[in-house]
Amino acid sequence: MFTVTFVLHERADVERTEALRHWRETHGPIVAAVPGVQRYVQQHAVDAPGATPPFLGVASLGFADRGAFEQAAASPEFAAAIADVPNFADETTMPTAFVEEVVVVG
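Nothing here was measured: the structure is a model prediction, and the numbers come from that model.

S.K.: Mind laying out the sheet that holds strand β1 (residues 2-8), listing which residues take part and the relevant values?
M.R.: If you walk across this open sheet you meet the four strands as β2-β3-β1-β4, and the pairing is antiparallel. Of all the strands in the sheet, the pair left with one neighbour each is β2 (39-44) and β4 (96-99). Put simply, the sheet's adjacent strands are angled 20 degrees from each other on average, direction ignored. Inspection of the sheet shows β1 paired to β4 by four bridges, in the antiparallel sense. Within the sheet, the bridge partner assigned to Thr-3 lies in β4 and is Val-99. Helix α1 (residues 16-32) contacts β1, β2 and β3 (57-63) of the sheet and is inclined by roughly 170 degrees relative to β2.

S.K.: An account of the packing of aromatic side chains is needed here, citing residue identities and associated values.
M.R.: Inspection of the entire model under this criterion finds six aromatic pairs. Considering the side-chain rings of Phe-2 and Phe-69, the 5.7 Å spacing of their centres and the 35 degrees angle between planes classify their relative orientation as tilted. Taken together, the residues span a long stretch of sequence, with Phe-2 in strand β1 and Phe-69 in helix α2 (residues 66-73) at a distance of 67 residues. Taking the relative accessible area as the measure of exposure, Phe-69 reaches 11% and is therefore buried. Seen in terms of ring centroids, Phe-69 and Phe-98 are 5.4 Å apart; in terms of plane orientation they differ by 70 degrees. Their pairing is edge-to-face. Pair noted here: Phe-69 is in helix α2 and Phe-98 is in strand β4, with a separation of 29 residues, a long-range link. Its relative accessible area of 42% is what places Phe-98 among the partly exposed residues. Here a set of aromatic residues connected by ring pairs shows up, and it is made of Phe-2, Phe-63, Phe-69, Phe-78 and Phe-98.

Calculation notes
- Residues numbered from 1 in each chain as written.
- Predicted model: local features only at pLDDT ≥ 70, side-chain atom pairs only at ≥ 80, totals over all residues.
- Heavy atoms only, no water.
- Pairing = 2+ DSSP bridges.
- Helix = DSSP H or I, 4+ residues; strand = E, 2+ residues; numbered from the N terminus.
- Axes fitted to C-alpha atoms, helices over the stretch in contact; angles between N-to-C directions.
- Contact = heavy atoms within 4.5 Å.
- Phe/Tyr/Trp six-rings, centres within 6.5 Å; stacked < 30°, edge-to-face > 60°.
- Buried < 20%, exposed > 50% of the residue type's maximum accessible area, 1.4 Å probe, protein only.

In structure tokens:
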């Protein structure tokens, strides 16, 4: 599986609980409609040791291969997902990487 991971950061003018709700209830279905997505996981940062979490959360999208990702990235559905990000997260600070999952336990 080819995986792309995004780290999302909060917008200062959006309450964290509202941002997480929008991400789950509104953005999630938009991403789910992207052609070729075989796996989509949102990891919401809900707490951190002794502090507020340093980011809103992490999202990972899985595709059959890089070609499937590239085809998806060129789709209007992917463009709609990217266009929705500013509604709940800071689109100017969104580190993105292609990742390889290494399972150590489980």
